[in-house]
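Residues per chain are reported as follows:
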Amino acid sequence: MSVEAITVCVGYADFLAATLPENLPVLDEIVVVTTPEDEETRKVCRKHNVFHVLSEDHQRGGPFNKARLINRALDQIGCDDWVLHLDADIVLPRQFRRLLDWSHLDERCLYGADRQRVVGWDEWQAFKRYVDRWDNHTHEMGWWFHPQYPLMSRLISSIHGYTPIGAFQLFHSSELIQYNSHQRRYPIKHGDAARTDHQFALQWDRRFRQLLPEVLVLHLESEPGSHGANWCGRTTKRFGPAANLTEDSRWPKRHKHHHHHHHHRPDPPPKPDPPPDPPPSV
């Protein structure tokens, strides 16, 4: 079997620089879609000899229409076997291909995987140092379930059931064309990165939406963030060694104060002393 991945990377080159070296050995090919002005992502792709497509479609119909970029990537793949939609901040396990072989994949299915959160550059470096000591998946899994690296939630709808989300969606290329006419695409009407992966997954019946329990991927984060912090474009700080980061390493740039102002709330005035007790009655 072969696996070709597609990834959208706009303002995520710092993550892509960390994930590409881990993912390339377990993939047959990867197509990255970015923008003409994202020179940092283009530089990372050139460094690793990764085919990348330039597009400005994300600006059509919203602040960050990720679905249009995903569809652009689907138009570029040459894979006639398995296709993996993978976010730029996701790291695949080193035994990924063996795990797929064990799973006896059904070409009719859309597969998802659980994610484990690794927050911060230092935690990522510590994780890699530990995994490098082992050469079998059992030890990797034993470490990956450590409480220090919590599992992220699955999407299980009370209406639709389990739905593989866009961080990891594995499907057979033959399923892109259904009933010889219907082409499965990512819905483009939302205008940002929310919900479009969910609706893409709902094009498969529930019996064909399956979890790969052996596959546990890592979700790299630069800092603890709120849910959906980057759905309309990058807002979290850069991912990298602390020595290379500054307070301005954010998208968009945060406002600088040129004077030393104290923005704390002033202390309340002291309460007046209570009135003295009245004199005793005669």
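Below, the structure is looked at part by part. These numbers were taken from a predicted model, which means no experiment stands behind them.

Quick look at the pairing of strand β2 (residues 29–34)
Across the six residues of β2, five count as buried, placing the element largely inside the fold. In this structure, strand β1 (residues 3–8) lies alongside β2, joined through five bridges in parallel fashion. The partner of Glu4 across the bridge, within β2, is Glu29. The β-α-β motif built from β1, the intervening helix α1 (residues 13–23) and the parallel element β2 has right-handed crossover chirality. Where β2 meets strand β3 (residues 51–54), four bridges bridge the pair, whose relative direction is parallel.

Considering α1
Burial analysis of α1 places nine of its eleven residues in the buried class, the great majority of the element. Residues of α1 that are buried include every one of Ala13, Asp14, Phe15, Leu16, Ala18, Thr19, Leu20, Glu22 and Asn23, and no others.

Some remarks on the pattern of salt bridges
As enumerated under the stated definition, the model contains nine salt bridges in all. For Glu39, the salt bridge goes to Arg42, with nearest N and O atoms at 3.8 Å. Pair noted here: Glu39 and Arg42 are both in helix α2 (residues 39–47), with a separation of three residues, about one helical turn. Across the pair Glu40 and Arg238 runs a salt bridge, and its minimum N-O distance is 2.7 Å. Here Glu40, found in helix α2, pairs with Arg238, found in the segment after β12 (209–221); they are 198 residues apart in sequence, far enough to count as distant. For Arg238, a relative accessible area of 22% puts it in the partly exposed group.

What about the nonpolar core?
Core analysis: the largest hydrophobic core is formed by 63 residues, its most contacted members being Leu84, Phe168 and Leu170. Dropping the residues within four chain positions of it, Leu84 is found in contact with Val3, Glu4, Ala5, Ile6, Leu27, Leu92, Phe96, Phe168, Gln169 and Leu170.

Let's talk about the sheet that holds β1
The eight strands lie next to each other as β3-β2-β1-β4-β9-β6-β12-β5, forming an open sheet whose pairing is mixed. At either margin of the open sheet sits one strand with a lone partner, and together these are β3 and β5 (90–91). One ladder, built from four bridges, connects β1 with strand β4 (residues 82–86); its direction is parallel. Bridged to Glu4 within β4 is Val83.

Quick word on the side chain of Arg209
Among the secondary structure elements, Arg209 is positioned in strand β12. Buried within the structure, Arg209 lacks any salt-bridge partner; its nearest side chain of opposite charge belongs to Asp205, at an N-O separation of 6.2 Å. Here Arg209 is in contact with Leu110, His160, Gly161, Tyr162, Thr163, Pro164, Ala201, Leu202 and Trp204, once residues within four sequence places are set aside.

Regarding the packing of aromatic side chains
The final tally for this structure, using the stated rule, is nine aromatic pairs. Geometrically, the ring pair formed by Phe171 and Trp204 is tilted, given 5.8 Å between the ring centres and 50 degrees between the ring planes. You can see Phe171 sitting in strand β9 (residues 168–172) and its partner Trp204 sitting in the loop between α7 (196–201) and β12, a full 33 residues away along the chain.

Considerations on α2
Three or more residues of α2 are buried, namely Thr41, Val44 and Cys45. Each buried residue of α2 sits inside an arc of 100 degrees when the element is viewed along its axis, so together they form one side. Among the exposed residues of α2, those oriented more than 90 degrees off its buried face are Lys43 and Lys47. Packed against the buried residues of α2 are α1, β2 and β3. Immediately beyond the C-terminal end of α2, within one or two residues, lies Asn49, with a positive phi of roughly 55 degrees.

A few points about the state of the cysteines
Scanning all chains against the criterion turns up zero disulfides. Not part of a disulfide, Cys9 finds its nearest cysteine sulfur in Cys45, a span of 6.8 Å. Taking relative accessible area as the criterion, Cys9 reaches 0% and is therefore assigned buried.

Concerning the side chain of Thr19
Of note, Thr19 is situated in helix α1. Here the side chain of Thr19 touches Ala88 through a polar contact of 2.9 Å, landing on its backbone oxygen. If sequence neighbours within four positions are ignored, Thr19 has contacts with Ala88, Asp89, Ile90, Val91 and Leu220.

Rules behind the numbers
Numbers given to residues run from 1 along each chain, matching the order in which its sequence is written. Given that the model is predicted, a residue must reach a pLDDT of at least 70 before its local features are reported, and side-chain atom pairs must reach 80 or more before they are shown or counted; all residues, however, enter totals for whole chains, interfaces and linings. Water and hydrogen atoms play no part in the side-chain values, which are based on all heavy atoms of the structure. Throughout this description, buried means an accessible area under 20% of the type-specific maximum (1.4 Å probe, protein chains only), exposed means over 50%, and partly exposed covers the range between. Numbered from the N terminus, helices here are DSSP runs of H or I no shorter than four residues, and strands are runs of E no shorter than two. Here, strands pair whenever DSSP counts at least two bridges between them. By the criterion used throughout, a crossover qualifies as right-handed when its path from the first strand across the helix to the second strand runs clockwise, the strands pointing away from the viewer. Any Lys or Arg side-chain nitrogen found within 4 Å of a carboxyl oxygen on Asp or Glu counts as a salt bridge. We call a set of buried residues a nonpolar core when its members are Ala, Val, Leu, Ile, Met, Phe, Trp, Tyr or Cys and they connect through side-chain atoms within 4.5 Å of each other. Contacts are residue-level and defined by heavy atoms, with any inter-residue pair within 4.5 Å sufficient. In this tally Asp and Glu are treated as negative and Lys and Arg as positive; neither His nor the chain ends contributes. Stacked, edge-to-face and tilted labels apply to pairs of Phe, Tyr and Trp rings (six-membered ring for Trp) whose centres lie within 6.5 Å, assigned for plane angles under 30 degrees, over 60, and everything in between, in that order. This arc describes the spread of directions from the helix axis toward the C-beta atoms. Disulfide assignment relies on a single distance test, namely cysteine sulfur atoms paired within 2.5 Å. Two N or O atoms count as a polar contact when they lie within 3.5 Å, although within protein this holds only if one can serve as hydrogen donor and the other as acceptor, and sequence-adjacent residues are included solely when both atoms are side-chain atoms.

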